[in-house]
Amino acid sequence: SQQGEEDPQALSIQEGENATMNCSYKTSINNLQWYRQNSGRGLVHLILIRSNEREKHSGRLRVTLDTSKKSSSLLITASRAADTASYFCATVLLGGGYNKLIFGAGTRLAVHP
Amino acid sequence: KAGVTQTPRYLIKTRGQQVTLSCSPISGHRSVSWYQQTPGQGLQFLFEYFSETQRNKGNFPGRFSGRQFSNSRSEMNVSTLELGDSALYLCASSSPGAGGGNNEQFFGPGTRLTVL
């Protein structure tokens, strides 16, 4: 069973708008990571947030983590057509194996010019 | 540095056959993990190899196996293929680092396996 649940399943926005995706998980984690996937290709790592961190930024990306609610969000600001992709959150469970990523179902983001 | 490479990129097999997929990690990376991606089950962890030893294993039947060589290259094998094994198989490598497990993984482009 998947650890993470993401919502929305699909998101359609215009260029320049912000996109927010949410991820919830069930058990204690070591860290949470976000990945992007374009059209069934390989995954690209976006950002990693550790369990003792609350917020991280990377360029136009902002990730928050609320361990009390077991949830995370990914915000993409000023979106571009090139941001069109599927976005996955993945958790590394506490004591579950360093490189064993448990993925959510993903959010399909479409950014229209 | 060259990225993670996977061969072959596409593969078509028939039920009952077996298949071997190959993954070459980024130079210096000693951990290689394998994932299966299907429309129905999403991305699922298969196993991880580190220094030629299987370190973690997902919930897949014994038909799925893997190994890692001394140069960190890894192969996975699926025997007695079933229609449900049709999927994109991704491998990822990472460097142990000093982060206590807080390491990003670098994914290859995947091998798309179709079982007829």
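Just so it is clear, the structure is predicted and the values come from calculations on it, not from any experiment.

Peer 1: What exactly am I supposed to notice about the overall build of chain A here?
Peer 2: Broken down by element type, chain A carries zero helices and 11 strands. Scaling as 2.2 N^0.38, a compact globule of 113 residues should have a C-alpha radius of gyration of about 13 Å, and chain A matches this with 13 Å. Once the C-alpha set of chain A is aligned to its principal axes, its extents read approximately 45 × 25 × 20 Å. By the burial criterion, 47% of the 113 residues in chain A qualify as buried. Put simply, 55% of the contacts in chain A that link residues at least 6 apart link residues at least 24 apart. A total of about 5,300 Å² of accessible surface is found on chain A, and carbon and sulfur atoms cover 46% of it. The centroid of the 13 positive side-chain charges in chain A is displaced by 6 Å from the centroid of its 9 negative side-chain charges.

Peer 1: What am I meant to see in the interface of chain A and chain B here?
Peer 2: Accessible area lost on assembly of the parts is the figure often given for the size of an interface. At the junction of the two partners, chain A supplies 21 residues and chain B supplies 25 residues. Per-residue buried area on chain A facing chain B is highest for L43(A), Y98(A) and N99(A); these three make up 31% of the total on that side. Our enumeration of links across chain A and chain B arrives at zero salt bridges. Where chain A meets chain B, there are eight residue pairs in polar contact (both at pLDDT 80 or more). Counting residues per element, the side of chain A that touches chain B draws most heavily on strand β4 (residues 29-37) of chain A, at five residues.

Peer 1: Before we go on, may I ask you to explain the side chain of T64(A) in this structure?
Peer 2: Residues and elements named next belong to chain A. By the element assignment, T64 lies in strand β7 (residues 61-66). Within the structure, the side chain of T64 is placed 2.6 Å from the side chain of S73, a separation counted as a polar contact. When residues no more than four places from it in sequence are discounted, the contact partners of T64 are I49, R54, E55, S71, S72 and S73.

Peer 1: Whenever I open this one, the packing of aromatic side chains confuses me. Can you help?
Peer 2: Aromatic ring pairs: the centre-centre distance and the angle between the two ring planes describe each pair. Residues and elements named next belong to chain B. Going through the model one piece at a time under the given rule, you end up with nine aromatic pairs over all chains. Summarising the aromatic geometry, the rings of Y35 and F45 are spaced 5.5 Å apart at their centres and angled 70° between planes, so their arrangement reads as edge-to-face. You can see Y35 sitting in strand β4 (residues 31-38) and its partner F45 sitting in strand β5 (residues 42-50), a full 10 residues away along the chain. Judged on exposure class, the residue Y35 and its partner F45 are both buried. Relative to Y49, the ring of F47 has its centre 5.7 Å away and its plane inclined at 70°; by these criteria the two rings are edge-to-face.

Peer 1: It is not clear to me how unusual backbone geometry should be interpreted in this structure. Could you clarify?
Peer 2: Peptide bonds are, in most cases, trans, and in most cases residues other than glycine have a negative phi. Here the residue pair D7(A) and P8(A) is connected by a cis peptide bond, since its omega of 0° sits within 30 degrees of zero. Looking at where P8(A) falls in the secondary structure, it is placed in the loop between β1 (5-7) and β2 (10-14). For the peptide bond that leads from T7(B) to P8(B), omega is -10°, which places it in the cis range. By secondary structure assignment, the location of P8(B) is in the loop between β1 (5-7) and β2 (10-13). The residue T80(B) is not glycine, and still its phi comes out positive at about 45°. Looking at where T80(B) falls in the secondary structure, it is placed in the loop between β8 (74-78) and β9 (87-94). Relative accessible area serves as the criterion here: at 47%, T80(B) is assigned to the partly exposed category.

Parameters at a glance
- Residues numbered from 1 in each chain as written.
- Chains lettered and ligands numbered in written order.
- Predicted model: local features only at pLDDT ≥ 70, side-chain atom pairs only at ≥ 80, totals over all residues.
- Heavy atoms only, no water.
- Helix = DSSP H or I, 4+ residues; strand = E, 2+ residues; numbered from the N terminus.
- Rg over C-alpha atoms; globule rule 2.2 N^0.38 Å.
- Buried < 20%, exposed > 50% of the residue type's maximum accessible area, 1.4 Å probe, protein only.
- Contact = heavy atoms within 4.5 Å.
- Areas by Shrake-Rupley, 256 points an atom, 1.4 Å probe, with all protein chains shown as cover.
- Lys, Arg positive; Asp, Glu negative; His and termini not counted.
- Charge placed at Lys NZ, Arg CZ, Asp CG, Glu CD.
- Buried area = accessible area lost by both parts, 1.4 Å probe.
- Salt bridge = Lys/Arg side-chain N within 4 Å of Asp/Glu carboxyl O.
- Polar contact = N/O pair within 3.5 Å; in protein donor to acceptor, adjacent residues only side chain to side chain.
- Phe/Tyr/Trp six-rings, centres within 6.5 Å; stacked < 30°, edge-to-face > 60°.

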